[in-house]
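Observations on the three-dimensional arrangement
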Amino acid sequence: MDTESTYSGYSYYSSHSKKSHRQGERTRERHKSPRNKDGRGSEKSVTIQAPTGEPLLANDSTRTEEVQDDNWGETTTAITGTSEHSISQEDIARISKDMEDSVGLDCKRYLGLTVASFLGLLVFLTPIAFILLPPILWRDELEPCGTICEGLFISVSFKLLILLIGTWALFFRKQRADMPRVFVFRAVLLVLIFLFVVSYWLFYGVRILDSRDRNYQGIVQYAVSLVDALLFIHYLAIVLLELRQLQPMFTLQVVRSTDGESRFYSLGHLSIQRAALVVLENYYKDFTIYNPNLLTASKFRAAKHMAGLKVYNVDGPSNNATGQSRAMIAAAARRRDSSHNELYYEEAEHERRIKKRRARLVVAVEEAFIHIQRLQAEEQQKAPGEVMDPREAAQAIFPSMARALQKYLRTTRQQHYHSMESILQHLAFCITNSMTPKAFLERYLRAGPTLQYDKDRWLSTQWRLISDEAVTNGLQDGTVFVLKCLDFSLIVTVKKIPFIILSEEFIDPKSHKFVLRLQSETSV
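As annotated in an unreviewed UniProt entry, the chain is Vang-like protein from Chinchilla lanigera. Under the UniProt heading Subcellular location (unreviewed entry), the note attached to the chain is "Cell membrane". Within the UniProt record for the chain, the comment given under Sequence similarities (unreviewed entry) is "Belongs to the Vang family."

Next comes the structure, spelled out in structure tokens:
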């Protein structure tokens, strides 16, 4: 008997080690596959990175499937699976390369800001230089200008002030993200301004500086014309950068690849990369946070069903693995009729456990908040040194609800999104603002948007934009692009808003008259 048990244990660990070895090989192949340059021949992959340095990998690199009974804490059973994201030396080298790329993106961002700042300084100093150079170089030869020039000085001063405020409001804003390509309209405007200022300087150098023009009023009017032209260019920038995209022209359907959650957004004329930025900004506030632990249940169930199948090779080692795979698929198809019953009862049991622990949590939180209200009534009679602040009050009542809250979060697989410190901060915030127990529990009873949680729990800070077309092209009907992060993807499909024909139909108000018809059998 002991020999049989020893043999069975040896066979179990041997098969488990072989399975882990095969899974490790598949994991390494999966990590190597994105580095294959021949994998996508027609797709163009670029990167959108947040401006602040965020961690590329989250803390939760392993997925855990936990099975709990009602006596959690005394008897806890945890079934752990194989890690989906293994870290090897090649992965560390790839992460280092991504960090170097991020440093390059920072340099590119600061270089663009430096060029724009230099060009803006040149634009504002040019009219002033046009006015000041003649009095400095040949003051005695200039003709007197008088009141007309003084009025032009005031006009130039106020126009430059308006241009300065408008330029600061339109261009000098904090960047929301690092774009993979330049913004075409902004680059065109910068080139136009540069060529415009250079042409003015060339004309000024040839016709005024070389000839030492003595008509100072004409020189001042020349500077005024430059400022007027710069104001018109600023109006053009407002139209191209802000007003052109306001009218909705396309509807974007965004689908998350893991759970199929989708949203719809209306956008105007934008490039693909700017549309991707708008999608990501709305994703963090509209989509519920991605929870990979909710997907492990189906994988664990399928693995459990396939583990119960045994395939014997009766024809010798000549057959390949294809025959075994077909046999396992056929056996799984024969067990399909009984699998849906197991799924039904598993989901019903899981829902029953969630409702039970939710009820316990609601009762525990309500009792804790009642205790806080009683403390607040008693604190009015205490000495000032014995009064508790909201943080101390939260720490005082948290142990009474901690067990019920922890069990509920584990059952709903949300425990990795809520640390004890974040729960205490939220509890102190609710106590400070006199919020009800229902308001406190709203964050934990249902999954919220990504922005509701800490940044280190987002699991998505760096994105890759994949598109068959150039990302600087505008949106078109039928355009499809993909936004990829570490664990999931967002598939975006563009549809043009249809042309709507709206007609008017007039109804005469005098036609709203009715007659009550009564039959002899009808009693009124």
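**So, a nonpolar patch on the surface**
A cluster of nonpolar side chains, Tyr-110, Leu-113, Ile-154, Phe-158, Leu-161, Leu-164, Ile-165, Trp-168 and Phe-172, forms an exposed patch at the surface whose accessible area comes to about 980 Å². Considering each element in turn, the nonpolar patch owes the most residues, six residues, to helix H3 (residues 147-170).

**Overview of the state of the cysteines**
Each disulfide consists of one covalent bond between the sulfur atoms belonging to two cysteines. A complete count under the given rule lists one disulfide for this structure. Sulfur-sulfur distance for the disulfide between Cys-145 and Cys-149 comes to 1.3 Å. For the disulfide bridge between Cys-145 and Cys-149, the dihedral angle about the S-S bond is near 90°, and by the sign convention the bridge is right-handed. Among the residues examined, Cys-149 registers a relative accessible area of 2% and is labelled buried.

**Some thoughts on the packing of helix H10 (residues 390-411) against helix H11 (residues 420-432)**
Where H10 contacts H11, the two axes come as close as 9 Å, and the packing angle between them is 125°. In terms of orientation, H10 and H11 fall into the oblique class. The chirality of how H10 crosses H11 is right-handed. For the pair formed by H10 and H11, the contact residues are Pro-390, Arg-391, Ala-393, Ala-394, Gln-395, Ile-397, Phe-398, Met-401, Leu-405 and Leu-409 on the first element and Met-420, Glu-421, Ile-423, Leu-424, Gln-425, Leu-427, Ala-428, Ile-431 and Thr-432 on the second.

**As for the nonpolar core**
By size, the foremost hydrophobic cluster in this structure holds 31 residues, and its most contacted members are Phe-130, Phe-196 and Tyr-216. Elements represented by at least two residues in this core include exactly helix H2 (89-137), H3, helix H4 (184-209) and helix H5 (216-243). Not counting chain neighbours up to four residues away, the residues in contact with Phe-196 comprise Leu-226, Ala-229, Leu-230 and Ile-233. Counting residues in hydrophobic clusters, the runner-up holds 27 residues, among them Val-279, Leu-280, Leu-465 and Leu-483.

**What about the layout of surface pockets?**
Put simply, the second largest pocket is a space of about 1600 Å³. In terms of lining, the second largest pocket is formed by 48 residues, of which the most central are Phe-171, Gln-175, Phe-183, Arg-186 and Leu-190. When residues of the lining of the second largest pocket are traced back to their parent elements, those giving at least two are H2, H3, H4, H5 and helix H6 (272-286). Looking at the lining of the second largest pocket element by element, the count peaks at twelve residues for H2. The residue makeup of the lining of the second largest pocket, split by class, is 30 nonpolar, eight polar and ten charged.

**A few points about the confidence of the model for the chain**
Per-residue pLDDT for the chain averages 74, and the proportion of residues at 70 or more is 66%. Contacts from residues 1-48, a stretch scored under 50 in pLDDT, to residues over four places away or in other chains number 49 contacts.

**Description of the side chain of Ser-467**
Structurally, Ser-467 is set in strand S6 (residues 462-467). Of note is the side chain of Ser-467, whose polar atom sits 3.1 Å from the backbone oxygen of Glu-469.

**Concerning the packing of H3 against H5**
One way to put it is that H3 packs onto H5 with a least axis distance of 10 Å and a crossing angle of 20°. Accordingly, the angle class assigned to the pair H3 and H5 is roughly parallel. Crossing angle aside, the handedness with which H3 passes H5 is left-handed. Classifying every residue of the contact of H3 with H5 gives 17 nonpolar, five polar and three charged.

**Comments concerning the UniProt feature "transmembrane region" (unreviewed entry) in the chain**
UniProt records the feature "transmembrane region" (unreviewed entry) at residues 110-132, 152-171, 183-204 and 219-241, using the numbering of this structure. The span residues 152-171 is 95% helix and 0% strand, and its two end C-alpha atoms sit 27 Å from each other. Across residues 219-241 one finds 100% helix and 0% strand; the C-alpha atoms that close the span lie 33 Å apart.

**A few points about the pairing of strand S7 (residues 480-484)**
Strand direction decides the pairing type here: S6 and S7, joined by four bridges, are antiparallel. Paired with Leu-465 across the bridge in S7 is Leu-483. Taken together, the five bridges between S7 and strand S8 (residues 489-496) define a ladder with antiparallel strand orientation. Of the residues in S8, the one forming a bridge with Phe-481 is Val-492. If you look at the hairpin formed by S7 and S8, you'll find four residues sitting between the two strands.

**Looking at the environment of Tyr-444**
You can see Tyr-444 is positioned in helix H12 (residues 437-445). A sequence separation of 35 residues divides Tyr-444 from Leu-409, and the C-alpha atoms of the two residues are 7.5 Å apart. Those residues in contact with Tyr-444 that lie beyond four places of it in its chain are Leu-405, Tyr-408, Leu-409, Gln-414, His-418, Ile-423 and His-426.

The rules behind these values
Residues numbered from 1 in each chain as written. Predicted model: local features only at pLDDT ≥ 70, side-chain atom pairs only at ≥ 80, totals over all residues. Heavy atoms only, no water. UniProt positions renumbered as here; feature names shortened; annotations may be inferred. Patch = residues over 30% accessible without salt bridge, like charges linked within 9 Å, V, L, I, M, F, W, Y side chains within 5 Å. Areas by Shrake-Rupley, 256 points an atom, 1.4 Å probe, with all protein chains shown as cover. Salt bridge = Lys/Arg side-chain N within 4 Å of Asp/Glu carboxyl O. Helix = DSSP H or I, 4+ residues; strand = E, 2+ residues; numbered from the N terminus. Disulfide = S-S within 2.5 Å. Buried < 20%, exposed > 50% of the residue type's maximum accessible area, 1.4 Å probe, protein only. Axes fitted to C-alpha atoms, helices over the stretch in contact; angles between N-to-C directions. Parallel < 35°, antiparallel > 145°, perpendicular 65-115°, else oblique. Left-handed = near helix turned anticlockwise from the far one by under 90°. Contact = heavy atoms within 4.5 Å. Core = buried A, V, L, I, M, F, W, Y, C linked by side-chain atoms within 4.5 Å. 1 Å grid on protein atoms, 1.4 Å probe; cavity = no way out; pocket = protein on both sides within 12 Å on 5 of 7 lines; lining within 4 Å. Points joined across faces, edges and corners; volume = space filled by probe spheres on them. Nonpolar A, V, L, I, M, F, W, Y, C, P; charged D, E, K, R; others polar. pLDDT = per-residue confidence, 0-100. Polar contact = N/O pair within 3.5 Å; in protein donor to acceptor, adjacent residues only side chain to side chain. Pairing = 2+ DSSP bridges.

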